[in-house]
Every structure is written in structure tokens, then in C-alpha cells.
Amino acid sequence: MPMLQERHQALTEGGHVLLEHGGSFQSFISQAGNDARKMVELIVEKIPSYRDEATYEGKRIAFYKRAQILVADFWGMMEARGEGGVSNVDWLTMFADYRVPQALVYLGVLRYSDSLLQALKNGERMSSGDRREVEIRGCSIWSVELIKERLRELVRQKDGQACDVNSAIIDFYLWPFAKQHHKEMAHIPIHLTRCIYY
Ligand SMILES: Nc1nc2c(c(CN[C@H]3C=C[C@H](O)[C@@H]3O)cn2[C@@H]2O[C@H](COP(=O)(O)O)[C@@H](O)[C@H]2O)c(=O)[nH]1
């Protein structure tokens, strides 16, 4: 199994934080109040393996894929229990992995340049933070933001009402879509980056 030491380290870090809170994630996350953004910031502050960041043209970029999906899962669980209570969920972006970009290309939302497509088809490994990897993940986030705005606009036009679809909900649609249609999109290569962030 690759990256065994890193996996062990990530589990140990997360485990330590949980033990400080009686083994309860809810108790840990309650320090952030009800705010999704503060929850992500708390997770990233306390558990280093969630610090999914890169530098792009001299600027620090934060993806926080695992922290964001953790908060979105927590939100979904609270909603399912009828407890609700997580605000600012709209602050979350999609969870930048390697499957949703493939679905976005398949659906015609994203298009890879010829040289990028060739590199992906060749199975070239990209290191974590490689400019191309950062661009694929960043463009995926922006694509989903544009889809969200467009959906909201369509609902406004059709029903004359505000629509509170958010990027997490769109991700929760796209990721299973990519899994279900993996055979149809097998010709679209995914990017290969070995890291602990997604
Ligand atoms: N954007 C987005 N990425 C998602 C998910 C999930 C599944 N969701 C649950 C899983 C744990 C949490 O409780 C989530 O709710 C996994 N992944 C990513 O896919 C990749 C694994 O793919 P494969 O090779 O097919 O197993 C890997 O990078 C993994 O991080 C999602 O929902 N959205």
C-alpha cells in the first residue's frame, strides 16, 4: 500500500484531536459554532494533514478538499437527523479531487488543452502542487461556482424564487454521476497525483 507512513500519520493526528474531545467529532467541531467556514478553518488549524494548499504564481491557494467534504458530510448528517444547525454552507466549494474534473470534461464544462490531454493520456504523474494539477482543481472549483450561479438564475427566471443550491450539493450530484458513468467517460484521462489531500 503506498504512503503507509503518511496514512498512519494522518490517522494519528485526527485521532489525537478526537481523543481531546472524548472521541466525539461533534464535540470537537462545536468549537466552531454553527458556521461551515469556521469549521473548515478549525479542522485545518488543528489537523495538519488537512492543509491542502499550494502556491500558484506566487499566491497561496487553498483547496481543503477533505476538510470541506467533512463539513458537508456533517451538515448532511445533521440535516438528515432533523437537527439542521449548520450555517454558511454556501461558503463551501466543490471538493477538488480527480473524479469530478473528469465528469466536468465529459459534460463539456471543462476542456483540457491538447498538451495537457496528451500528458494525461501518457499517464504522466504530477507531483502535488504541479501547476497543471492546481489548474485542474482550481478550474473544477470555478466551473461548479458557475454552474451554481446558472442554476440559481434559471430557477429565478422560471419560478421567480431564490434557490439555495450550493456547491456541495452539486458535487454530491457530480461525483456519483462520475462513478455511475465511469465506463462512458473512460476515454477521458484523470490526473495522477499521489498525495494525502484527496
Ligand atoms: N468531489 C468528491 N470527491 C469524492 C467524493 C467521495 C465520496 N464521498 C464520500 C466519501 C467520504 C466522505 O464521507 C464522502 O461523503 C470520494 N471522493 C474522492 O474520490 C476519489 C476516490 O475515487 P475512487 O477512485 O472512485 O475510489 C478520492 O479522491 C476521494 O477523495 C465526493 O463525494 N465528492
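Each chain carries its own residue numbering, running from 1 in the direction its sequence is written. Confidence filtering applies because this is a predicted model: local features only for residues at pLDDT of at least 70, side-chain atom pairs given and counted only at 80 or more, and all residues used for totals across whole chains, interfaces and linings. Heavy atoms throughout the structure, all of them, feed into the side-chain values; hydrogens and water do not.

It is worth spelling out the overall build of the chain at this point. Check the secondary structure of the chain and you find eight helices and two strands. The helix and strand labels rest on DSSP assignments: H or I over at least four residues marks a helix, E over at least two residues marks a strand, and numbering proceeds from the N terminus. Tracing the chain from N to C terminus, the helices and strands come up as α-α-α-β-β-α-α-α-α-α. As defined in this context, the radius of gyration uses C-alpha atoms, and a globule is described by 2.2 Å times the residue total to the power 0.38. Rg of the C-alpha trace for the chain: 18 Å, near the compact-globule value of 16 Å for 198 residues, within the 12% margin. Each principal axis of the C-alpha distribution contributes one length, and for the chain these read about 55 × 50 × 35 Å. Put simply, the chain has 198 residues, and 40% of those count as buried. Note on contacts: a residue pair is in contact if any heavy atoms of the two residues lie within 4.5 Å. Taking contacts inside the chain between residues at least 6 apart in sequence as the whole, the part at least 24 apart equals 66%. Per-residue and other accessible areas follow the Shrake-Rupley method at a 1.4 Å probe size, with only the shown protein chains counted as cover for residues. Put simply, the chain shows about 11500 Å² of open surface, and 52% of that area lies on carbon and sulfur atoms. For the chain, the distance from the average position of its 25 positive side-chain charges to the average position of its 26 negative side-chain charges is 3 Å. With a 1.4 Å probe rolled over the protein chains alone, any residue whose accessible area is under 20% of its type maximum counts as buried; one over 50% counts as exposed, and the rest are partly exposed. Under this rule, positive means Lys or Arg and negative means Asp or Glu; His and the chain ends count for nothing. Here the site of a charge means NZ on Lys, CZ on Arg, CG on Asp, or CD on Glu.

Below, the discussion takes up the packing of helix H3 (residues 36-46) against helix H4 (residues 65-80). In a pair of packed helices, the angle between the axes and the distance between the axes together describe the arrangement. Closest axis-to-axis distance for the H3/H4 pair is 9 Å, and the angle between their directions is 130 degrees. Between H3 and H4, the interaxial angle falls into the category oblique. H3 and H4 meet at a crossing whose hand is right-handed. Together, Ala36, Met39, Val40, Ile43 and Val44 of H3 and Ala67, Gln68, Leu70, Val71 and Phe74 of H4 make up the contact between the two elements. When grouped by side-chain class, the residues that make up the contact of H3 with H4 number nine nonpolar, one polar and no charged. Every axis corresponds to a line fitted to the C-alpha atoms, with the helix fit spanning only the stretch in contact, and the corresponding angles, defined between N-to-C directions, vary from 0 to 180 degrees. Working definition: roughly parallel below 35 degrees, roughly antiparallel above 145 degrees, roughly perpendicular at 65 to 115 degrees, and oblique for all remaining angles. Crossings are assigned a handedness: left-handed for a near helix turned anticlockwise from the far helix by less than a right angle, right-handed for a clockwise turn. Residues were grouped as follows: Ala, Val, Leu, Ile, Met, Phe, Trp, Tyr, Cys and Pro as nonpolar; Asp, Glu, Lys and Arg as charged; and all remaining residues, including Gly, as polar.

Moving on: the domain arrangement of the chain. A domain assignment, automatic or from a database, supplies the domain bounds used here. Per the domain assignment, the segments making up the chain are domain 1 (1-90) and domain 2 (93-198). Inter-centroid distance (C-alpha atoms) of domain 1 to domain 2 is 21 Å. Each partner contributes residues to the interface: domain 1 has 19 residues there, and domain 2 has 24 residues. Note on domain 1 versus domain 2: buried area summed over both sides is about 1900 Å², and carbon and sulfur give 65% of it. It is Tyr56, Phe63 and Lys65 that lose the most area in domain 1 upon contact with domain 2, and together they represent 30% of the buried surface on that side. Definition used for salt bridges: Asp or Glu carboxyl oxygen within 4 Å of a side-chain nitrogen of Lys or Arg. Across the contact surface, domain 1 and domain 2 share four salt bridges. Across the salt bridge formed by aspartate 90 and lysine 148, the nearest N and O atoms sit 3.2 Å from each other. Any pair of nitrogen or oxygen atoms within 3.5 Å is treated as a polar contact; in protein, a donor-acceptor pairing is required on top of that, and neighbouring residues in sequence qualify only through side-chain atoms on both sides. Applying the counting criterion to the domain 1 and domain 2 interface returns eight residue pairs in polar contact (both at pLDDT 80 or more). Mapped by element, the contributors of at least two residues to the side of domain 1 that touches domain 2 are strand E1 (53-56) and H4. Considering every element that reaches the side of domain 1 that touches domain 2, the biggest residue donor is H4, with seven residues. When two parts are put together, the accessible area they lose, computed with a 1.4 Å probe and summed over both, is reported as buried area.

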